[in-house]
Amino acid sequence: MQSVSVLGGCVRANRWAVGVAVLVGVTMAVLMGTPLAWAATTDSGTTTVSFNIAEAIEVTSWPAATFSLADGAAPGVAVVSGELSIRVRSNSEWGIQVSAESDGLLREYDHTLASYVADGHTVGPVEWATSADGLWTPITSVPTPIFADQPPTGEAGASVGFLLRVTPTYDHQPLPEGREYRIVLVYTAGVGF
Amino acid sequence: MTSIEAHRARARFPRRRLRASLVSQSHSGVTIALVMLVLAFTHTTSVSAGVVVTPARLHVEVDPHGTTRELTVVNRGPGKVTLNTYVGFGTHDLRGGTLYHDDPRSRNEAATWVRVQPSRTSLEPGASAQIEVHFQSVPGRVAAYPVLFVEPAHAEFPQPREVHRPTSASHSRVRIAVPVLATFRAARHLQRVSPHVRSVSMHTVPNADVLRASVDVENRGTVHGPAAVHVSLVDERGESVATFVSESARVLPGAARRFTTEWSLRSLPQALRLVARARDGADNEAVPQLMALTLPDRLALSGRQVEIADLQATLLANQSLLTVSGRLVGASLTQTASALREHVVVYDAGGEELVRSIGTGTWTRSSRGGHAFEHKVRLAPDELGRALGVGVEVREGGVNIGYAARTLEGRTEPTALSRSVR
């Protein structure tokens with residue numbers, strides 16, 4: 001029994017000691033407060049948040065689908081359009097190219113038939129430049145860069161402008177009513193390879 | 001009325017047009033020069049819209065069983081838009097500008113292994129959609145470079161106004177191009193980037209104390225990769241007096257990029273050689289390619305200088321004939337044209353002068369500005385074998401007021417000199 005009593009006394013003593021230790025530990029934790037709790041959190045695990053942004057491009061405005069360049073141009077007189085503009089937002093370098101559906105010439109178009117006239121008259125070439133006194137470049141069916149290596153635009157976007165020019169001569173004939181000289185221009189915006 | 005409708009209304013009823021004309025008239029009594037410029041401020045209004053495409057560029061390794069990627073398109077404009085998506089091919093020019101091939105043949109070829117679903121997507125304002133792009137593996141191909149074109153349907157644009165009298169009109173289509181860098185996993189072991197110097201050119205810049213050098217580097221490998229150049233200016237003893245190391249740029253197989261640098265002309269010795277080396281992304285240097293030249297004596301650094309632009313040198317080996325062409329550009333050109341002569345000099349790899357041909361001073365006005373010249377130089381068989389570069393000196397009273405040089409196309413060669421550069 002003695003031994004049991006002693007043993008029982010030891011058990012009680014141990015329980016008391018454990019209780020004191022727990023009490024001290026809790027008290028210290030309360031006293032040390034948040035740092036201890038924070039340390040315990042960081043020790044228990046971490047969360048790595050990764051994030052990336054895809055390359056994106058947005059065309060926010062472009063030239064009207066149709067505009068009349070002239071309705072009574074005179075031979076030898078260059079007809080220059082007002083500025084055509086394209087507005088782009090991009091988070092990578094970008095550029096714009098222009099090409100013509102045909103070979104860069106205005107072709108005779110019949111509004112009644114809604115088609116080009118076979119073997120009809122032509123005027124051209126249609127040329128582009130970034131300013132009226134700049135270098136004029138004929139537009140062809142091959143896309144040609146008019147703006148290249150443009151820097152990322154940021155949220156505000158960037159607007160680029162250019163002009164078109166046609167210079168008729170006496171080789172070019174006036175067309176009857178219901179017909180016009182027409183060209184379809186294709187503008188391609190992209191970030192490039 | 002929405003923004004697009006407002007533009008449509010303006011398209012049908014264009015605003016008044018403003019025109020200005022400039023008339024200048026000479027008083028020679030014989031010749032009347034009439035120069036008229038009509039600025040036709042026609043209704044070049046813009047269409048407000050907002051078509052977003054992401055990602056704007058695709059990198060794809062195509063699995064042997066095919067690989068599918070998605071494009072997200074968003075309509076941020078005020079009106080409904082219908083997008084057509086189709087496939088062509090692309091590459092790039094010397095500046096890195098994309099060259100698109102969307103002719104029927106290219107589109108048909110691309111469609112055999114790139115499938116877009118759906119090819120037509122209608123989006124209400126604020127709506128977005130996913131377009132699936134499926135790439136099939138192509139046996140034997142290491143890499144390919146298709147381009148996805150996303151184009152608002154033409155019917156969504158404002159329509160042409162009624163036309164009752166003759167006119168000339170421009171119609172517009174706008175599209176967004178998404179270039180694809182596609183490699184094929186089955187041929188991964190065949191991927192190789194191999195940059196080589198295609199040609200080197202240089203010229204003095206009028207009144208700027210500048211020697212400008214350009215190196216064209218082509219990728220003769222099978223897949224796209226970074227390329228860069230290391231350029232050295234070397235004096236008569238083979239000592240390097242100036243160097244330039246470019247940033248790297250992505251070059252597609254079969255295409256080339258141009259790297260350009262400038263040096264102060266005053267700081268350079270008269271006798272110069274330029275050595276250009278191409279590097280790949282791992283800084284492995286290809287065999288050095290040499291462009292040797294010798295700056296002419298008594299090069300005027302100010303005053304009446306002439307720029308030699310677009311210098312081309314093409315060797316017709318079968319006929320032993322070298323054609324050299326370019327443009328002379330400079331404010332003083334018209335004033336002193338009669339006193340100017342261009343000298344065409346053919347160099348060998350060591351910079352030794354093989355042939356010198358003096359022009360007659362007869363040029364034609366160029367539509368690109370300045371005066372165009374063309375020389376034909378016949379070479380003896382031994383000269384033909386040694387010719388590597390050609391220089392053009394514009395001389396006035398024994399003084400060079402303009403200088404340009406370049407390698408003959410397809411004739412950059414490794415030489416003993418380039419290997420001896422320290």
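Residues numbered from 1 in each chain as written. Chains lettered and ligands numbered in written order. Predicted model: local features only at pLDDT ≥ 70, side-chain atom pairs only at ≥ 80, totals over all residues. Heavy atoms only, no water.

## Quick notes on the overall build of chain B
For step 1, the next point in the chain: The helix and strand tally for chain B stands at 5 helices and 28 strands.
For step 2, the next point in the chain: When the 422 residues of chain B are sorted by exposure, 53% land in the buried category.
For step 3, the next point in the chain: In chain B, once contacts between residues fewer than 6 apart in sequence are set aside, the share between residues at least 24 apart is 69%.
For step 4, the next point in the chain: If you sum the accessible surface of chain B, you get close to 19300 Å²; carbon and sulfur atoms cover 48% of it. (Helix = DSSP H or I, 4+ residues; strand = E, 2+ residues; numbered from the N terminus. Buried < 20%, exposed > 50% of the residue type's maximum accessible area, 1.4 Å probe, protein only. Contact = heavy atoms within 4.5 Å. Areas by Shrake-Rupley, 256 points an atom, 1.4 Å probe, with all protein chains shown as cover.)

## Topic: the overall build of chain A
For step 1, the next point in the chain: Summing up its helical and strand segments, chain A has 2 helices and 13 strands in all.
For step 2, the next point in the chain: Within chain A, the proportion of its 193 residues that are buried is 40%.
For step 3, the next point in the chain: At a minimum sequence separation of 6, the contacts of chain A that also span at least 24 residues come to 78%.
For step 4, the next point in the chain: For chain A, the computed accessible surface area is about 10300 Å², with 60% contributed by carbon and sulfur atoms.

## Digging into the side chain of Ser 214 of chain B
All names here are of chain B.
For step 1, the next point in the chain: Looking at where Ser 214 falls in the secondary structure, it is placed in strand S14 (residues 210-219).
For step 2, the next point in the chain: Relative accessible area serves as the criterion here: at 11%, Ser 214 is assigned to the buried category.
For step 3, the next point in the chain: A polar contact of 3.1 Å, which involves the side chain of Ser 214, links it to the side chain of Thr 260. (Polar contact = N/O pair within 3.5 Å; in protein donor to acceptor, adjacent residues only side chain to side chain.)

## A few points about the sheet that holds strand S21 (residues 307-316) of chain B
All names here are of chain B.
For step 1, the next point in the chain: Read from one edge of the open sheet, 4 strands run S21-S22-S26-S25, paired in antiparallel fashion. Edge positions in the open sheet fall to S21 and strand S25 (364-365), since each of these has one partner strand only.
For step 2, the next point in the chain: Pairing between S25 and strand S26 (residues 371-378): 2 bridges, direction antiparallel. Counted as the bridge partner of Arg 365 is His 371 from S26. (Pairing = 2+ DSSP bridges.)

## A look at the packing of aromatic side chains
Here a ring pair, both rings aromatic, is described through the centre-centre distance and the interplanar angle of the planes.
For step 1, the next point in the chain: Counted under the stated rule, the structure contains 7 aromatic pairs over all chains.
For step 2, the next point in the chain: Seen from their ring centres, Phe 193 of chain A and Tyr 145 of chain B are 5.9 Å apart, and the 85° between their planes marks the pair as edge-to-face. Linking Phe 193 of chain A in the segment after strand S13 (179-190) with Tyr 145 of chain B in the loop between strand S10 (143-144) and strand S11 (146-152), this pair reaches from one chain into another. Each member of the pair, Phe 193 of chain A as well as Tyr 145 of chain B, is classed as buried.
For step 3, the next point in the chain: Lying across the ring of Tyr 116 of chain A, Arg 107 of chain A places its NZ or CZ 4.2 Å from the centre. (Phe/Tyr/Trp six-rings, centres within 6.5 Å; stacked < 30°, edge-to-face > 60°. Lys NZ or Arg CZ within 6 Å of the ring centre and 35° of its normal.)

## Remarks on the layout of surface pockets
Residues and elements named next belong to chain B.
For step 1, the next point in the chain: By volume, the largest pocket amounts to about 1400 Å³.
For step 2, the next point in the chain: Lining the largest pocket are 44 residues, with Arg 95, Arg 258, Asp 310, Arg 327 and Arg 368 positioned closest to its centre.
For step 3, the next point in the chain: Of the residues in the lining of the largest pocket, the class split is 19 nonpolar, 12 polar and 13 charged.
For step 4, the next point in the chain: Its volume calculated, the second largest pocket comes out at about 380 Å³. (1 Å grid on protein atoms, 1.4 Å probe; cavity = no way out; pocket = protein on both sides within 12 Å on 5 of 7 lines; lining within 4 Å. Points joined across faces, edges and corners; volume = space filled by probe spheres on them. Nonpolar A, V, L, I, M, F, W, Y, C, P; charged D, E, K, R; others polar.)

## Some points on the environment of Asp 209 of chain B
Residues and elements named next belong to chain B.
For step 1, the next point in the chain: Among the secondary structure elements, Asp 209 is positioned in the loop between strand S13 (195-205) and S14.
For step 2, the next point in the chain: The class of Asp 209 is buried, set by a relative accessible area of 18%.
For step 3, the next point in the chain: C-alpha of Asp 209 to C-alpha of Leu 265: the two residues are 56 residues apart in sequence and 5.1 Å apart in space.
For step 4, the next point in the chain: Residues in contact with Asp 209, not counting those within four places in the same chain, are Trp 263, Ser 264, Leu 265 and Arg 266.

## Overview of the confidence of the model for chain A
Residues and elements named next belong to chain A.
For step 1, the next point in the chain: Looking at chain A, pLDDT values average 81 and 78% of them are 70 or higher.
For step 2, the next point in the chain: Confidence over residues 1-13 falls short of pLDDT 50; this stretch has 2 contacts with residues more than four positions distant or in other chains.
For step 3, the next point in the chain: When the criterion is pLDDT under 50, residues 33-40 qualifies, and its contacts beyond four places in sequence or with other chains add up to 2 contacts. (pLDDT = per-residue confidence, 0-100.)

## Notes on the environment of Ser 115 of chain A
Residues and elements named next belong to chain A.
For step 1, the next point in the chain: Counting through the fold element by element, Ser 115 comes out in strand S7 (residues 115-116).
For step 2, the next point in the chain: Along the primary structure Ser 115 and Arg 179 are separated by 64 residues, whereas in three dimensions their C-alpha atoms are 9.9 Å apart.
For step 3, the next point in the chain: Once you skip the residues sitting within four places of it in the chain, Ser 115 turns out to touch Tyr 109 and Asp 110.

## A closer look at the nonpolar core
For step 1, the next point in the chain: One finds Leu 164 and Tyr 187 of chain A together with Leu 71, Trp 113, Phe 135 and Leu 148 of chain B to be the most contacted residues of the largest nonpolar core, which totals 64 residues.
For step 2, the next point in the chain: Per-element tally for this core: the top contributor is strand S12 (residues 168-184) of chain B, with 6 residues.
For step 3, the next point in the chain: The residues contacting Tyr 187 of chain A, other than those within four sequence positions of it, are Pro 63, Leu 84, Ile 86, Gln 97, Val 98, Phe 162 and Leu 164 of chain A together with Ser 172, Arg 173, Val 174 and Arg 175 of chain B.
For step 4, the next point in the chain: Counting residues in each nonpolar core, the second largest holds 27 residues, with Met 202, Val 217, Phe 244 and Tyr 347 of chain B among its members. (Core = buried A, V, L, I, M, F, W, Y, C linked by side-chain atoms within 4.5 Å.)

## Re the side chain of Ser 199 of chain B
Residues and elements named next belong to chain B.
For step 1, the next point in the chain: Residue placement: Ser 199 occurs in strand S13.
For step 2, the next point in the chain: Using a relative accessible area of 5% as the deciding quantity, one classes Ser 199 as buried.
For step 3, the next point in the chain: A polar contact is formed between the side chain of Ser 199 and the side chain of Arg 406, at a distance of 3.3 Å.

## So, the sheet that holds strand S24 (residues 353-358) of chain B
Residue and element names in this part refer to chain B.
For step 1, the next point in the chain: The strand order across the open sheet built from 7 strands is S18-S14-S13-S28-S27-S23-S24, with neighbouring strands paired in antiparallel fashion. In this open sheet, the two edge strands, each paired with only one partner strand, are strand S18 (256-264) and S24. Within this sheet the neighbouring strands show an average axis-to-axis angle of 15°, counted without direction.
For step 2, the next point in the chain: Of the pairings in the sheet, the one linking strand S23 (residues 340-347) to strand S27 (residues 389-396) comprises 8 bridges and is antiparallel in character. Residue Val 345 lies in a different strand from S27, and its bridge partner there is Gly 391. (Axes fitted to C-alpha atoms, helices over the stretch in contact; angles between N-to-C directions.)

## Describing the confidence of the model for chain B
Residues and elements named next belong to chain B.
For step 1, the next point in the chain: On average, residues of chain B score 78 in pLDDT, and 74% of them reach the 70 mark or higher.
For step 2, the next point in the chain: This stretch, residues 1-43, has a pLDDT under 50; its non-local contacts, to residues over four places away or in other chains, come to 79 contacts.
For step 3, the next point in the chain: Counted against residues more than four places away or in other chains, residues 155-164, with its pLDDT under 50, gives 32 contacts.
For step 4, the next point in the chain: We note a pTM of 0.75 for the whole complex and an ipTM of 0.72 for its interfaces.

## Details of unusual backbone geometry
For step 1, the next point in the chain: Cis geometry is adopted by the peptide bond preceding Pro 55 of chain B, which originates at Thr 54 of chain B and carries an omega value of -5°.
For step 2, the next point in the chain: When you line up the elements, Pro 55 of chain B lands in the loop between strand S2 (46-54) and strand S3 (58-62).
For step 3, the next point in the chain: Backbone torsion omega between Gln 117 of chain B and Pro 118 of chain B reads -5°, so that peptide bond is classified as cis.
For step 4, the next point in the chain: Its place among the elements puts Pro 118 of chain B in the loop between strand S7 (114-117) and strand S8 (120-123).
For step 5, the next point in the chain: Positive phi values are uncommon outside glycine, yet Ala 114 of chain A reaches one of about 55°.
For step 6, the next point in the chain: Along the chain, Ala 114 of chain A turns up in the loop between strand S6 (106-110) and S7.
For step 7, the next point in the chain: For Asp 310 of chain B, which is not glycine, the phi torsion reads 55° and is therefore positive.
For step 8, the next point in the chain: For Asp 310 of chain B, the location among the structural elements is in strand S21.

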